[in-house]
Amino acid sequence: MLSQFGPIAVRVLRLSLILCGLLIVSPRAAEAARETCFDWSEAAGIVKRERLTTASRVLRRAPAVYGGQLKKITLCRSGTQYVYRMVIFEAAGRIRSLTIDARQPFPPQ
């Protein structure tokens, strides 16, 4: 079907589709490739070595700062930054995902 447009038009169309796909997929793929999440047996040493805020402190303070009930917290490295990925159950029954800086997870007081 595409051959009716000629070989150059077909090549241009294919190249355009490939470029569009790369523009849509590459930022997400690159971000996912740079992110590593840790098991808590590994995370404890990383938190200590990198002087990150402890997960227990985040667990204590997060409900007051971010609202809702914290159900899950995971330490991840995203690029050169350590982050906590959290799952929060809100009062209205919604589930919210939140990513915070593991060095400074709370706004300055």
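What counts, and where the lines are drawn
Residues numbered from 1 in each chain as written. Predicted model: local features only at pLDDT ≥ 70, side-chain atom pairs only at ≥ 80, totals over all residues. Heavy atoms only, no water. Helix = DSSP H or I, 4+ residues; strand = E, 2+ residues; numbered from the N terminus. Buried < 20%, exposed > 50% of the residue type's maximum accessible area, 1.4 Å probe, protein only. Arc of directions from axis to C-beta. Contact = heavy atoms within 4.5 Å. Phe/Tyr/Trp six-rings, centres within 6.5 Å; stacked < 30°, edge-to-face > 60°. Lys NZ or Arg CZ within 6 Å of the ring centre and 35° of its normal. Pairing = 2+ DSSP bridges.

Q: Help me understand the side chain of threonine 53 in this model?
A: Mapped onto the elements, threonine 53 comes out in the loop between α2 (40–50) and α3 (55–66). On the basis of relative accessibility, which here comes to 8%, the residue threonine 53 falls in the buried class.

Q: Mind showing me how you'd approach α3 here?
A: Residues separated by three or four positions in an α-helix point in the same direction, a consequence of the helix having 3.6 residues per turn. Taken as a whole, α3 has its buried residues at Ala55, Val58 and Ala62. Along the long axis of α3, the arc covered by the buried residues comes to 35°, so they all point the same way. Seen from the open side of α3, the exposed residues pointing more than 90 degrees away from its buried face are Arg60 and Ala64. Where the residues of α3 are buried, they touch α2, β2 (69–78), β3 (81–89) and β4 (95–101). After α3 finishes, the residue glycine 67 shows a positive phi value of roughly 80°.

Q: Please clarify how the environment of proline 105 should be interpreted in this entry.
A: Inspection of the secondary structure assignment puts proline 105 in the segment after β4. Residue class for proline 105 comes out buried when judged on its relative accessible area of 5%. Along the backbone, proline 105 and tyrosine 84 are 21 residues apart, and their C-alpha atoms lie at a distance of 8.1 Å. Apart from the residues lying within four places of it in its own chain, the contact partners of proline 105 are Thr53, Val58, Tyr66 and Ile100.

Q: I would appreciate a short explanation of the packing of aromatic side chains in the present structure.
A: Describing an aromatic ring pair means giving the distance of the ring centres and the angle of the ring planes. Per the counting criterion, the structure on display carries three aromatic pairs. Consider the rings of tryptophan 40 and tyrosine 84, whose centres lie 6.5 Å apart with planes at 25°: the pair is stacked. In this pair, tryptophan 40 is assigned in helix α2 and tyrosine 84 in strand β3, connecting sequence segments 44 residues apart. Between the NZ or CZ atom of arginine 61 and the centre of the ring of phenylalanine 106, over which it lies, the distance is 4.4 Å.

Q: I keep staring at the pairing of β4 and nothing clicks. Help me out?
A: Of the strand pairs in this sheet, β3 and β4 are connected by seven bridges, and their pairing is antiparallel. Residue arginine 85 lies in a different strand from β4, and its bridge partner there is threonine 99. As consecutive antiparallel partners, β3 and β4 are separated by five residues, and within that stretch glycine 93 has a phi angle of approximately 90°, a positive value.

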